[in-house]
Structures are given as structure tokens and as C-alpha cells.
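One-letter residues, chain by chain:
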Amino acid sequence: MAQFVHLHVHTQYSILDGFSSIKKLFDRVEELGMNAVAITDHGNMYGVKEFFNCAKKHPGVKPILGCEVYVTQHYDHHLKDSDHRKYYHLILLAKNATGYRNLMKLVSAGHTEGFYYKPRVSHELVEKYSEGLICCSACLAGEIPKAIMADDLDAARKAIEWHKRVFGDDYYLEVQLHKTEVPGATEGMWEVYHQQCKVNEAIFSLAAQTGTKVIASNDAHFIRKEDGPAHDRLICISTNAYIDDPDRLRYTQQEYIKSPEEMAALFPDHPEVLANTLEIADKIESFSIDRGNVLPKFNIDPQFLGEIDAHLEKYREIIDEGRCDKDGNPRGEAFCTSVAYLCHLTYLGARERYGETLSDEQRERIDFELKTICRMGFPDYFLIVQDYIAASRAAGSMVGPGRGSAAGSVVAYCLKITNLDPIKYNLLFERFLNPDRINMPDIDVDFESLPVAHEYVERTYGTDHVSRVITFGTMAAKSAIKDVARISHVSIDESNRLSRMVPDRLADKEGKDVKITLDNCYKYVPAFKNELENGPQVNREVLEYARQLEGSIRQVGMHACATIIGPGNLTDYIPICLSKDKDTGEEVWTSQYDGHYIEEAGMLKMDFLGLNTLSIIHACLNYIKELHGTDIDIEAIPIDDKETYEVYGRGDTVCLFQFESDGMRSWLQRLHPERFEDLIAMNALYRPGPMDYIPDFVARKQGQQKIEYDLPGMEDILSETYGITVYQEQVMLL
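Quick notes on the rules
Residues numbered from 1 in each chain as written. Predicted model: local features only at pLDDT ≥ 70, side-chain atom pairs only at ≥ 80, totals over all residues. Heavy atoms only, no water. Helix = DSSP H or I, 4+ residues; strand = E, 2+ residues; numbered from the N terminus. Buried < 20%, exposed > 50% of the residue type's maximum accessible area, 1.4 Å probe, protein only. Contact = heavy atoms within 4.5 Å. Polar contact = N/O pair within 3.5 Å; in protein donor to acceptor, adjacent residues only side chain to side chain. Core = buried A, V, L, I, M, F, W, Y, C linked by side-chain atoms within 4.5 Å. Expected span 1.5 Å × (residues − 1). Arc of directions from axis to C-beta. Pairing = 2+ DSSP bridges. Right-handed = clockwise from strand over helix to strand, strands pointing away. Axes fitted to C-alpha atoms, helices over the stretch in contact; angles between N-to-C directions. Parallel < 35°, antiparallel > 145°, perpendicular 65-115°, else oblique. Phe/Tyr/Trp six-rings, centres within 6.5 Å; stacked < 30°, edge-to-face > 60°. Lys NZ or Arg CZ within 6 Å of the ring centre and 35° of its normal. Salt bridge = Lys/Arg side-chain N within 4 Å of Asp/Glu carboxyl O. Patch = residues over 30% accessible without salt bridge, like charges linked within 9 Å, V, L, I, M, F, W, Y side chains within 5 Å. Areas by Shrake-Rupley, 256 points an atom, 1.4 Å probe, with all protein chains shown as cover. Lys, Arg positive; Asp, Glu negative; His and termini not counted. Charge placed at Lys NZ, Arg CZ, Asp CG, Glu CD. Disulfide = S-S within 2.5 Å.

Explain the overall build of the chain to me, please; I cannot follow it from the model alone.
A tally of regular secondary structure across the chain gives 30 helices and 14 strands. Taken along its principal axes, the extent of the C-alpha atoms in the chain is 85 × 75 × 55 Å. Relative to its 734 residues, the chain shows a buried fraction of 51%. Counting only contacts in the chain whose residues sit at least 6 apart along the sequence, the fraction spanning at least 24 positions is 73%.

In C-alpha cells:
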């Protein structure tokens, strides 16, 4: 039985070009009995972390991490003009952890330094970062095939010799053969096959002359042969071409995950080209791309460091809790210094918040939290967050009072990260940090001016230490229908009619909510069933191909709030690309791994949120000052003002954050809130799921329904919410 490994594979992260979902790719490779597979997307590593994670669920399939990079046809990838636009394709595969790091360096440089239509690197960069990489000559767009097609065998030979000098025995020539079977195939589709035949003949000859091994690949862009027509439509969407345009870009529809037997049939006289793919797979070492938390170090006040011995002794009991990590490894002197400084700032803030003399409850809570933070290894995290918040305030920009589970931390309150006393409101620290669940802290911070916050961290930690986080936009049900309809000559009115058949909410035959996908729509929406059975042929085709393309990645974006801060140049840890900051219009570093995977790569993710409400508050305070000469501290306003609660009770909250919706205003009019706790509860209840309890909450508050407790001991915990379980803290206490 033939054996083979696909080493040239494009997933859907080769955006609007590759059609293979990573999960289905591994399923198919496993089904075909192959023991390894590579990922080599165009110029990026977007899918590498998902690919690596998916491989863990398929222990019989070795993951090979790679990229098809773009190499400039000139000496300098920084040159960006029409005379220096051309490039070659080149396959690079990480043989080990060193190769993975070098691949990140190369791919990142292509985006941050050499991007001009494509993320390009130079031969010089390829050589600089060649250690640990296996190199293959790629498709017809590769340097050697292009020279052969130009009948310049001397140039092809010189290129082979250069690559062999750089990569040694880890350099392989590559052959492909795509003889189309599409009925009525265009001349261009046949031209690909004829050029491949010409190139392959020359490659085998040059391989013999230069002592270079050859591999077979299939430049896979989709998984199964029957996926070809759907992939063809994806290419039309990508190139904005009609499906019947005779001059458009077309693939041969042979670019799928072929079985070893199918690959062997392509090269019956050269079985070694399959065997050499196994040789490459055997060269790939087992290594992990996951790592523990890689946190930046906070720059501590030199005056504090001048008295560091006294501070280390003063806070020794807290420091001892985390002096070593969970495996017993010492965390080092710098860590202990950070803990001491965190303790110092916390107790300074505690006296400002609570007074010079702390109660036993306050001191015990602070010490408990500090010990937990120290044990979990996060002192620098808190120091960094409090620092950039203080810097924004010092720059005259408002910062929110805190949101989410971080409001349960007294340490955060003392550091002025939050402005809500968790002891007063019975908020639990364990919701925020729990030693039994080692997760990175997650403190969401609202800023009036995001540019001020971002500029500060970039200036303080270095622009190459800071990045945003990428997002991937996929084809949803409606957009998939519209995209396929557009390339199929379906009118805009008809396209809109079809897409509007997708409901905003969908239930199955038993009335249970189901995810809105085209598969489910076709099952449960009668209008779709009718269209698929009785509609025009073109409409039925549109709906079928839209179903296949739904979920495909359509574009990349930048996360609205996620920001990464690292201890060094981030390209040492993750691959980087560029995105445009919508506030400043500037290109900023952005991780190529999205938020689902960034923490597994060890990166510290902070959430910087821009909140327009803060700008409104700031403007109001300025107007009051201008009109009445009065300075108001928005953090110190009373929360028992009767007239303010009457405003809420009338539903006059159109411009109040999280109280502005019609539904919320309607419930406020029925609730007639009279205390701050009523507003907190309504804010917590007004979301899918808990909303079902709002009628009982309002009725009990108004005395229209009896307040009952299932057990006598529940009254102390649930009395402030009229016997309704509203908060996670209540669940934890129960």
C-alpha cells in the first residue's frame, strides 16, 4: 500500500483561497491512513495554533507547522514600488522548536517590514532564519519552476545550489501534477497541467545533476474532490468575478487531499517522491508551541528599590507564599521585589480608601488576596494595570470605575484599578482569581481615550513589546447567500429575498432554540424547504453552495479591546502582522493568533475598552464647571439621591450606559428603584436567561408577590434581591 504525507496544504486561513477547515482536514487525513500533515498557508501563520491544538485530538497524525512564504525577486524586501513587486513562493516547514521560532521571525518580518500587496521576505532573511527549517521549492510560482518555464535552466540550477547551501539536506525540490477533469475546462486550466509536465521533467533532471531529493505535493486547497465546485465559487468571491466569466481565475479542481494511492498514480515512475515525504515527516521533532505565562516586568520606583531589604522583610510572609512556582522552582529576586512593591502600593491605597487604621476584616482580606496573587505569580500584572490606569487619569482622560469580576478584588480597589468597595457590596475575590483554576487575570478597563492608553503602554514597554489581537470574520448565513448570489448573476432583489428568509431566531420542531445555520434553516424554515424543492435551478445552486461556504473565513480584523504586552520583542513568542488602528489610522502590530489561543501561547492579554459614556460624563462635568464654577468629583457623588432614583423610575435613561434600551427602560418604570442595589440587580438580570426572573423580581419588590426562601439559611444571602438568585456570588455562597 502506498504511503504519503501532504506537505503543501492551504487551510481556510489562506483567506478566500483555501477552503479546508482544520478539523475536517485532520478527519480526512486520519480516514486516509496518513500519519502526518502540514499546514502551509499563504504568507501567514493564522491557523497554526488551531492546527496544533486540533492535532492533539488526533494522536496518530503528526502536525507539521509551516508556511508558504513570499520571497522577493530582488535583494531587499523593504522596497515597495512597482519595479519591486514580484515575488516567488517557497514552502518552509518547522523541523523543531528552533525552526518554529525562526518561522515566526520570517513570517512576522514579511508583514511588519516587507508588506507590499503580499507579506514578502528577502533571500537574505530566509538565510538568516534558516536554522531548524525544511525547505521545499513550491508550486509553479516558485523560483525554480519560474526559471524553468522561462527556459533559463542555468538560473534554476543556481537557485537550487543557493537553497542547498542554506538548507543542506533539508532542501527538497517539489513536483505537482494537476490534470483537470472538469467538463469544458478552459485553456488556462490545461495550461497549468502542461507547464507542470515541463517543470517536472526539468526538476527530475536538475535533481539528478545537483544531488537533490524530490517530493510530490498536491497544493491542496480543499479536502475532498467533490468540494471543487464550492472552492471554485470561493475563488469567484475572492476575485469578484462571475462564475461564467471565461477569463477569470480557475483552479483545476485537482487541488484536494488525495489519497496515497491517487498520489502514487500521478508519478508511477518515481515512487521516491512519495517516500521522501515520509522522510520529511520523520525529520519533524516533537515540540510544543504552548508555554507558561510570559509576563512583562514592571519598572519599580528607584526610591523604593533603595530600601528594598526592609520591604522584603516587611512583606516576607506574603512573598513566601509564591517564592517558588507550583513545581518548586524559585521565581527569582525580581519576582519577590515585584511582590513587595505590590504590597507597598496596596497598603498605601488601603489607608487612603479605608483610613489609617484598618479593621481586622479589611487587613485579612487584603493579605488573603495578596498571598493568592503572589502564589499564582501575577504581581507584575496588577502593577502594570494600575500604572496605565493612573497614567490615563494623569493625562486628563477619564477611566471607568471597573467592570466584571475584578470588582471583587480589594487589592484592585486599593490600587484604584476599580472604584467599588467589594467588602461593602459582598463581592467575592474567588470569582476573579481562584488558585484551583489557574487562569490569567482578566481586568477589563474602560477608557475615555484609547489612543492615550495605547500610546502610554507602547512608550513605556516598547512598540515591539505591545500588540493588538487579530480577529477572523466568517461568512454567516445571510452573507454566504448574498456572496454566492452575486457571482451567480442573481439580482439584488432576489438575493435580498433569499437572505431575508434567514430568521433572527430559530427553533426546532420541539420549540427549542437552535443555532442559526443554513443547515438548520433548510430543516426548519418552510420557505427554504419550498425554495430548495420548487425554486429556479440557479436559486437552488446558490443555497447549496452558500451552505457549503458558510463559516469560511472571509476577512481579518482587529479585536476592539484586546492588547498584548510582553517582556520582549513579541516575534520571539508569537507571529505578528499589521492592522490599522481605527482611532489613529496608524498601522499597529497585531498577533496572528486570535484571542482563543493567545493565552495558551503564554501571552498576557489586557482589555482596553473605549467607552463613549465617559466622554459624555467628562463633557457634562466641564459644562457644569463652565456654567456654575463648581468642580464635581464623579467618583464621590451620593448614591442615595431620591430625585436620581425618580429619573430611573420614569425610564429617562436613554443616554445611560446599560440602561438605555427600550426593554430596560420599560422594566425600570415598573420597578421604581429606590436604592442602588435595585439598579445593580436590574443590570445583572437584564441579559438572556436571567431576564426570565425580572417579572418575579419586580413583583416581589412591589409587594405583589410573597418573598419566599427554599431554606431558612438562604435569607441572609438572598434578602437584598427579594429572594431571587441574581449574582454568581450568591450561587457560590449557597
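Would you mind showing me how to read the side chain of aspartate 446 here?
Its place among the elements puts aspartate 446 in strand β9 (residues 444-447). We classify aspartate 446 as buried; its relative accessible area is 6%. Here the side chain of aspartate 446 touches arginine 403 through a polar contact of 2.7 Å, side chain to side chain. When near neighbours in sequence (up to four residues on either side) are disregarded, aspartate 446 contacts Met398, Val399, Gly400, Arg403, Leu609, Leu611 and Leu614.

Got a minute to help me understand the nonpolar core in this structure?
Where a protein is soluble and globular, its nonpolar side chains tend to be buried together. Of all hydrophobic cores here, the largest spans 84 residues; its most connected members are Leu92, Tyr100, Ile144 and Ile574. With 7 residues, the top contributor of residues to this core is helix α7 (residues 187-210). Once you skip the residues sitting within four places of it in the chain, tyrosine 100 turns out to touch Met45, Val48, Leu65, Ala94, Phe287, Ile289 and Tyr593. Among the nonpolar cores identified, the runner-up in size contains 60 residues, and Leu295, Ile373, Leu450 and Val466 belong to it.

For this particular structure, what's the right way to read helix α18 (residues 450-461)?
Because each turn of an α-helix spans 3.6 residues, side chains separated by three or four positions in sequence point in the same direction. Between its terminal C-alpha atoms α18 stretches 17 Å, which fits the 16 Å expected from 12 residues at 1.5 Å a residue. Buried within α18 we find Leu450, Ala453, His454, Tyr456, Val457 and Tyr461. One side of α18 holds all its buried residues, which, seen down the axis, span an arc of 160°. The secondary structure elements touched by the buried residues of α18 are α16 (379-394), β9, β10 (466-474), β11 (553-565) and β14 (604-610). The positive-phi residue at the C-terminal boundary of α18 is glycine 462, with phi of around 105°.

Could you clarify how one ought to interpret the pairing of strand β7 (residues 171-175) in this entry?
Both faces of the sheet carry side chains from a regular strand, because those side chains alternate between them. Burial runs high along β7: 5 of the 5 residues are buried. Residues Tyr171, Leu173 and Val175 of β7 are buried on one face, and the alternating residues Tyr172 and Glu174, pointing to the opposite face, are buried as well. The pairing of strand β6 (residues 133-136) with β7 spans 2 bridges and is classified as parallel. Residue pairing across strands places cysteine 135 opposite tyrosine 171, the latter belonging to β7. Judged from the 3 bridges that link them, β7 and strand β8 (residues 214-216) form a sheet pairing that is parallel. What sits directly across from leucine 173, in β8, is valine 214. With α7 bridging β7 and the parallel β8, this β-α-β connection has right-handed handedness.

Would you mind going over the packing of helix α26 (residues 662-671) against helix α28 (residues 694-701) with me for this structure?
Two quantities define a packed helix pair, namely the angle between the axes and the distance from one axis to the other. The geometry of α26 relative to α28 is characterised by a closest axis approach of 9 Å and an angle of 25° between their N-to-C directions. As summarised for this structure, α26 and α28 are arranged roughly parallel, according to the angle between their axes. Together, Trp667, Arg670 and Leu671 of α26 and Ile694, Pro695, Phe697, Val698 and Lys701 of α28 make up the contact between the two elements.

Can you walk me through the sheet that holds β11 in this structure?
Sheet strands pair by backbone hydrogen bonding; their relative direction is either parallel or antiparallel. Across the sheet, which stays open at both edges, the 6 strands sit in the order β9-β14-β11-β10-β13-β12 with mixed pairing between neighbours. The open sheet has two edge strands with one neighbour each: β9 and β12 (576-580). On average, each strand axis in the sheet is tilted by 50° relative to the strand beside it, whichever way the strands run. Where β10 meets β11, 8 bridges bridge the pair, whose relative direction is antiparallel. What sits directly across from glycine 473, in β11, is glutamine 555.

How do you make sense of the packing of aromatic side chains when you look at a structure like this?
The description of two aromatic rings rests on the distance between their centres and on the angle between their planes. Under the definition given, this model contains 23 aromatic pairs. Every member of this aromatic cluster is reached through a ring pair, and the members are Phe368, Tyr381, Phe382, Phe429 and Phe432. Arginine 85 extends its terminal NZ or CZ atom over the ring of tyrosine 117, reaching a point 3.4 Å from the ring centre. It is arginine 670 that lies over the ring of tryptophan 667; its NZ or CZ is 3.9 Å from the centre.

Honestly, the pattern of salt bridges in this entry has me stumped. Any pointers?
One side chain can pair with another of opposite charge once the charged atoms of both are near each other. In this structure the tally under the stated criterion is 43 salt bridges. For the salt bridge of aspartate 513 with arginine 505, the shortest nitrogen-to-oxygen distance reads 2.8 Å. Judged by relative accessible area, which is 48%, aspartate 513 ranks as partly exposed. Residues glutamate 510 and lysine 512 are paired through a salt bridge, measuring 3.9 Å at the closest nitrogen-oxygen approach.

What should I look at first to understand a negative patch on the surface in this one?
Negative charge collects at one region of the surface, where Asp640, Asp641, Glu643 and Glu646 lie side by side. Tracing the backbone through its elements, the reader meets aspartate 640 in the loop between α24 (612-628) and α25 (642-650).

For this particular structure, what's the right way to read unusual backbone geometry?
Phi angles above zero are rare outside glycine, and asparagine 426 is one such case at about 55°. The topology assignment puts asparagine 426 in the loop between α17 (410-414) and β9. Of note in this structure, histidine 489 is not a glycine but carries a positive phi near 65°. Mapping histidine 489 onto the fold places it in the loop between α19 (477-487) and α20 (492-500).

Help me understand the environment of lysine 62, please; the structure alone is not making it clear to me.
Here lysine 62 lies in strand β2 (residues 62-72). Lysine 62 gets classed as partly exposed once you look at its relative accessible area, which sits at 30%. In this structure, lysine 62 is in contact with Asn35, Ala36, Val37, Ala281, Asp282 and Ile284, ignoring residues within four places of it in sequence. At 2.8 Å, the side chain of lysine 62 forms a polar contact with the backbone oxygen of alanine 281.

Looking at this structure, how should I read the state of the cysteines?
By definition, a disulfide links two cysteine residues through a covalent bond between their sulfur atoms. Inspection of every chain in the model, using the stated rule, returns 0 disulfides. With no disulfide of its own, cysteine 135 has cysteine 136 as its nearest cysteine by sulfur position, at a separation of 6.5 Å. Judged by its relative accessible area of 0%, cysteine 135 falls in the buried class. You can see cysteine 620 has no disulfide; the closest cysteine sulfur is in cysteine 655, sitting 8.9 Å from it.

What's the story with α20 in this structure? I'm lost.
Residues Ser495, Asn496, Leu498 and Ser499 constitute the buried set of α20. What you see down the axis of α20 is that its buried residues fit within an arc of 165°, all on one side. Those residues of α20 that are exposed and aimed more than 90 degrees away from the buried face are Asp493 and Arg500. Along its buried surface, α20 packs onto α19, α22 (526-534) and α23 (537-549).

Please clarify how the environment of glutamate 261 should be interpreted in this entry.
The topology assignment puts glutamate 261 in helix α9 (residues 260-266). Here glutamate 261 falls in the partly exposed class, since its relative accessible area comes to 40%. For the pair glutamate 261 and leucine 32, spaced 229 residues apart in sequence, the C-alpha to C-alpha distance is 9.7 Å.

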